[in-house]
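# What the coordinates show
One letter stands for each residue in the lines below.
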Amino acid sequence: MEDSADTEQNSNKRSAEEATLENTERADADGSGTKRVRTDETEAPDGAAPAKTGTRNVNDNDNDNDEEDDNDADGVPRSRKSGPSRRGKQKTRGGAGKLKGKRAIRQEEWGPRPRNEDDDDEIVGGVRIPKRKVALMMGYCGTGYNGMQVNPGVKTIESELFVALEKAGAMGFQRAARTDRGVHAAGQVVSLKMNVEPPTIIEDINTHLPEQIRVWGFANVQRKFNSKNACDARIYEYLLPTYILRRPERVDMYPRSGYGDRMGAVIPEKPSFDKLETPIETPEERQERRKNYRMSREDLAKLREILKAYMGTQNYHNFTTGKAFGDTSAKRYIMKFEAGDPFVREDIELVSLKVLGQSFMIHQIRRMVGFAIMLIRTECPVSLVSEAFKKTRMNIPRAPGLGLLLRQTVFRTYNLRSLGPGSERPPIDFDQYKETIDAFTEKWIYSGIVAEEKKTFEFDNWIRGIDERASEIRWYLTKDGKLVEEDRPKYEGLKGDIKIDDGEDEQGSAVDSD
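On a predicted model such as this, the values are computed, not experimentally measured, just so you know.

## Description of the packing of aromatic side chains
- Counting across every chain of the model gives 14 aromatic pairs.
- Judged by centre distance (5.1 Å) and plane angle (70°), the rings of Tyr316 and Phe389 are edge-to-face. One end of the pair, Tyr316, is in the loop between strand S12 (312-315) and strand S13 (331-339); the other, Phe389, is in the loop between helix H9 (384-388) and strand S16 (404-410), and 73 residues separate them in sequence. Phe389 carries the same exposure label as Tyr316, and that label is buried.
- Between Trp475 and Tyr476, the aromatic rings sit 5.3 Å apart at their centres with planes inclined by 85°, giving edge-to-face as the arrangement.
- In this structure an aromatic cluster arises from ring pairing among Tyr310, Tyr316, Phe319, Phe337, Phe371, Phe389, Trp475 and Tyr476.
- Directly above the aromatic system of Tyr145 lies the positively charged group of Lys155, at a separation of 4.6 Å from the ring centroid.

## So, the packing of helix H7 (residues 297-309) against helix H8 (residues 364-377)
- Two elements in contact, H7 and H8, have axes separated by 10 Å at closest approach and are oriented at 140°. With respect to H8, the axis of H7 lies oblique. Between H7 and H8 lies a crossing of right-handed hand. Side by side, H7 and H8 meet where Asp299, Lys302, Leu303 and Ile306 of the first sit next to Ala372, Leu375 and Ile376 of the second.
- For the contact of H7 with H8, the per-class residue count stands at five nonpolar, no polar and two charged.

## A closer look at unusual backbone geometry
- Not every positive phi belongs to a glycine, and Asp347 is a case in point at roughly 70°.
- One can find Asp347 in the loop between strand S14 (343-345) and strand S15 (348-357).
- On the accessibility criterion, Asp347 (42% relative accessible area) is partly exposed.
- Residue Glu379 is not a glycine yet carries a positive backbone phi of 60°.
- Checked against the element boundaries, Glu379 lands in the loop between H8 and H9.

Analysis parameters
- Residues numbered from 1 in each chain as written.
- Predicted model: local features only at pLDDT ≥ 70, side-chain atom pairs only at ≥ 80, totals over all residues.
- Heavy atoms only, no water.
- Phe/Tyr/Trp six-rings, centres within 6.5 Å; stacked < 30°, edge-to-face > 60°.
- Helix = DSSP H or I, 4+ residues; strand = E, 2+ residues; numbered from the N terminus.
- Buried < 20%, exposed > 50% of the residue type's maximum accessible area, 1.4 Å probe, protein only.
- Lys NZ or Arg CZ within 6 Å of the ring centre and 35° of its normal.
- Axes fitted to C-alpha atoms, helices over the stretch in contact; angles between N-to-C directions.
- Parallel < 35°, antiparallel > 145°, perpendicular 65-115°, else oblique.
- Left-handed = near helix turned anticlockwise from the far one by under 90°.
- Contact = heavy atoms within 4.5 Å.
- Nonpolar A, V, L, I, M, F, W, Y, C, P; charged D, E, K, R; others polar.

Right, here's the structure in full:
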């Protein structure tokens, strides 16, 4: 009798364990890789759910080990180790299913299929608040910030945006392009999931942002949308004070250049790499010189010719940091690079340069602008641009980040699909916010660039630093466009790159994404 009772008790125990395990398998169906084969059902006592029998597991990976789960299928604690559980079944806690991924769903009894982990809707007061994947369009003045990307310990655009999105109920985004320290943006895009129900959601976000960071609006996108990968091209603008194009203070700074030749400079027998002295001026003298400078028609025509020479697919290893000539990623495609007509803002003449390209490397645009500045100042031929695309390593100065602006991220392919037949998703369109963006750009970016330059003489300080170290770059600034490699210094430092430009940390964030 005792044997019979023990047999019946063991049988009931196994049935209970199998029923528990079946619930576990159902709860785990969406993420465990467990395949189930159901054979039949057995009756259960009144009021109890029927138990399953003859159920077996076929695990895709029997050695899968979840470090967070300490219990066997029967709820008994066990040591954490690799390999299958004691019974060869899926590991569970207290009979509950364990979903792989960001969330663990505990399901004590049979119920609806667990929600996908992408469904991050909030439950507030018993009401489900839907979150949708969107492309958030925004702009900012980068003055006073250490770039776009979050950088612990320093103030960045993303750190401000994180706070505002959290307070407004939206978090977790992906940017379309990164910007460097002090660089601005008028048409940036970040993708994220957020609550789109309140009609005032954009106003709510802006309420928690400083005035120099604004969100324009959003467009609903598909769940797999990635703002960086979906971005076809970027439009950058560089606002250049024209007085930076003035000729060097000393004719012996660039003796082989067209300017040096025109002024009768003497070419030394042996190259010297000593630091050169520049004339000392009072702040009033510097301000007066900056105020009175006006760009000549000849310089404007040459500037446009230089920018045109950058167009097409070229090897920009000399226009970035740490790229070898043979690195295929150094090749970039520039679709358009143009210079507008000069205009005056608060007694400073400026010229706007706009470049459209698929993608850019760290400091690429600033070096392209810096090279153009030097070719005009030293009166060297445009043909030197093609020399910079060749194998010889040239240390090209990068222009200050103050003048650089991410004008707009372009989503042409995505927008064509969104406007196609059967699509219900709106395009990512900045034009609908044009007046607001233009007003912001004028108030915070253009005015901010001018105000910072008037206050700090940043461009003037930069060009003085270049001239003081002229000996390190004058070997390629020649009137006939031929490099004098015997006068080339032995570049030292980070992968052969000398910091002669603005002293900025080379390890900072990229100007924009690859």
